[in-house]
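Listed below are the residues making up each chain.
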Amino acid sequence: IVSLGLGLTMSILLFSRVAYEQSFDTCFKEHENLYQLWMRFNYNNEKTKWDEMCIGKLAGGTFEALPNMIESATTVSTWLASDPIYYDEVKFDDPIVVADSLFFQTMGIDVTNGNPVQDLQELDVIYLSDDLAARMFGGENPIGKVISYNKNIDLTVRGTFADIPANSTMRPKAVISMPSVWKRGWANYSWNGGDSWKSYIRIKPNSDIEALNKRMNLTIEQHVKNKQYMPESEARPIRDTYRNYDEVKRMSTIMAILAGSILFITALNYVLISISS
């Protein structure tokens, strides 16, 4: 009976973990319409592997070219703002991204305070998650507070957003406005080079993804000047991002096989208990 209970418990825990791994990025509103853009390059007729990092203008340029198929688009950097932020002398090492004004609208993240479409077009503006704002300011209203990025750049808090669950591939605690990066020339945001941006689009219902991908690549051909490394892009459901990582697929397969084996052995133990009784 003890082995039966342990077997059922372990198999349930393993199957629950597999289900959790498959649930990544379902926290965003209408996640079935949220797609991530992937890119690869053609060097001398040899294609590189598909990568999450895209050229800066890809998302915005595709949105402008295909307004009948795309509802909104956003470009995000997860590496530009890698230093901590400070309030007075207190240091916060929470993850920060740099994003444009349609970040929250495209990703489907609830904004609890502020107008990001307007605010994130301005210089030196930052949005904080509800959790980070509470830890940073306690019960005080964070709007209008000035904090420091790496004790070097003053940023004004203009809004807050709902906390994003852990099972997400895009989970910032703070979002810095894109003009803050452009002014300081921190990165290449163009059609030519600078393939270091994550790009997302929210498609309109019933849009043909295959047709969208074809037209997106035609747009790329029209704008990219250097034909020697002509990039190619593809829109994939955001749900496929995490669960298609090689290590995730390997881990999920191993856990599912192990859970199934334990459940099968547990069932045999139950049969033996029944026969013995």
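The structure under discussion appears in the preceding block.
Below you will find a few notes about this structure. (Residues numbered from 1 in each chain as written. Predicted model: local features only at pLDDT ≥ 70, side-chain atom pairs only at ≥ 80, totals over all residues. Heavy atoms only, no water.)

Let's talk about unusual backbone geometry
Then comes step 1: Positive phi values are uncommon outside glycine, yet Asn150 reaches one of about 55 degrees.
Then comes step 2: Within the secondary structure, Asn150 sits in the loop between strand 9 (146–149) and strand 10 (153–161). (Helix = DSSP H or I, 4+ residues; strand = E, 2+ residues; numbered from the N terminus.)

Some remarks on the environment of Leu258
Then comes step 1: Position of Leu258 among the secondary structure elements: in helix 9 (residues 246–276).
Then comes step 2: By relative accessible area, which is 44% here, Leu258 ends up partly exposed.
Then comes step 3: Along the primary structure Leu258 and Leu218 are separated by 40 residues, whereas in three dimensions their C-alpha atoms are 46 Å apart. (Buried < 20%, exposed > 50% of the residue type's maximum accessible area, 1.4 Å probe, protein only.)

Side note on the packing of aromatic side chains
Then comes step 1: In total, this model carries 13 aromatic pairs according to the counting rule given.
Then comes step 2: Residues Tyr20 and Phe24 carry aromatic rings whose centres are separated by 5.7 Å and whose planes lie at 80 degrees to one another, so their mutual orientation is edge-to-face.
Then comes step 3: Feature note: the residues Tyr20, Phe24, Tyr242 and Tyr245 constitute an aromatic cluster, connected by ring pairs.
Then comes step 4: Taking the ring centre of Tyr86 as reference, the NZ or CZ of Lys151 above it sits at 4.8 Å. (Phe/Tyr/Trp six-rings, centres within 6.5 Å; stacked < 30°, edge-to-face > 60°. Lys NZ or Arg CZ within 6 Å of the ring centre and 35° of its normal.)

Some thoughts on the pairing of strand 11 (residues 174–177)
Then comes step 1: Side-chain alternation along strand 11 places Ala174 and Ile176 on one buried face and Val175 and Ser177 on a second face that is also buried.
Then comes step 2: One ladder, built from 4 bridges, connects strand 6 (residues 96–99) with strand 11; its direction is parallel. Each bridged residue has a counterpart across the sheet, and for Val98 the counterpart in strand 11 is Ile176.
Then comes step 3: Across 3 bridges, strand 8 (residues 125–129) lies against strand 11 in antiparallel orientation. Across the sheet, Leu128 pairs through a bridge with Ala174, a residue of strand 11. (Pairing = 2+ DSSP bridges.)

Describing the nonpolar core
Then comes step 1: Among the nonpolar cores identified, the biggest contains 24 residues, and Ile85, Ile126, Leu128, Met136, Ile147, Tyr149 and Ile176 are the most heavily contacted of them.
Then comes step 2: At the level of secondary structure, the elements contributing two or more residues to this core comprise strand 4 (85–87), strand 6, strand 8, helix 5 (130–137), strand 9, strand 10 and strand 11.
Then comes step 3: With 4 residues, the top contributor of residues to this core is helix 5.
Then comes step 4: By size, the runner-up hydrophobic cluster in this structure holds 23 residues, among which are Ile203, Val224, Tyr229 and Met230. (Core = buried A, V, L, I, M, F, W, Y, C linked by side-chain atoms within 4.5 Å.)

Details of a nonpolar patch on the surface
Then comes step 1: A cluster of nonpolar side chains, namely Leu8, Ile12, Phe15 and Leu263, defines an oily patch on the protein surface of about 340 Å² accessible area.
Then comes step 2: For the nonpolar patch, the element with the highest residue contribution is helix 1 (residues 2–22), accounting for 3 residues.
Then comes step 3: Owing to a relative accessible area of 39%, Leu8 belongs among the partly exposed residues under this scheme. (Patch = residues over 30% accessible without salt bridge, like charges linked within 9 Å, V, L, I, M, F, W, Y side chains within 5 Å. Areas by Shrake-Rupley, 256 points an atom, 1.4 Å probe, with all protein chains shown as cover. Salt bridge = Lys/Arg side-chain N within 4 Å of Asp/Glu carboxyl O.)

What about the packing of helix 1 against helix 9?
Then comes step 1: Axis separation between helix 1 and helix 9 bottoms out at 8 Å; the angle between their running directions is 155 degrees. With respect to helix 9, the axis of helix 1 lies roughly antiparallel. Here the hand of the crossing between helix 1 and helix 9 comes out left-handed.
Then comes step 2: Considered class by class, the residues forming the contact of helix 1 with helix 9 number 16 nonpolar, 8 polar and 2 charged. (Axes fitted to C-alpha atoms, helices over the stretch in contact; angles between N-to-C directions. Parallel < 35°, antiparallel > 145°, perpendicular 65-115°, else oblique. Left-handed = near helix turned anticlockwise from the far one by under 90°. Nonpolar A, V, L, I, M, F, W, Y, C, P; charged D, E, K, R; others polar.)

Concerning the pattern of salt bridges
Then comes step 1: Under the counting rule described, the total for this entry stands at 17 salt bridges.
Then comes step 2: The residue Arg17 makes a salt bridge to Glu21 at a minimum N-O spacing of 2.7 Å. Here Arg17 pairs with Glu21, and both are found in helix 1, just 4 residues apart, close to one helical turn.
Then comes step 3: Given the relative accessible area of 38%, Arg17 is considered partly exposed.
Then comes step 4: Residues participating in the shared-partner salt-bridge network are Asp94, Asp131, Arg135 and Lys173.

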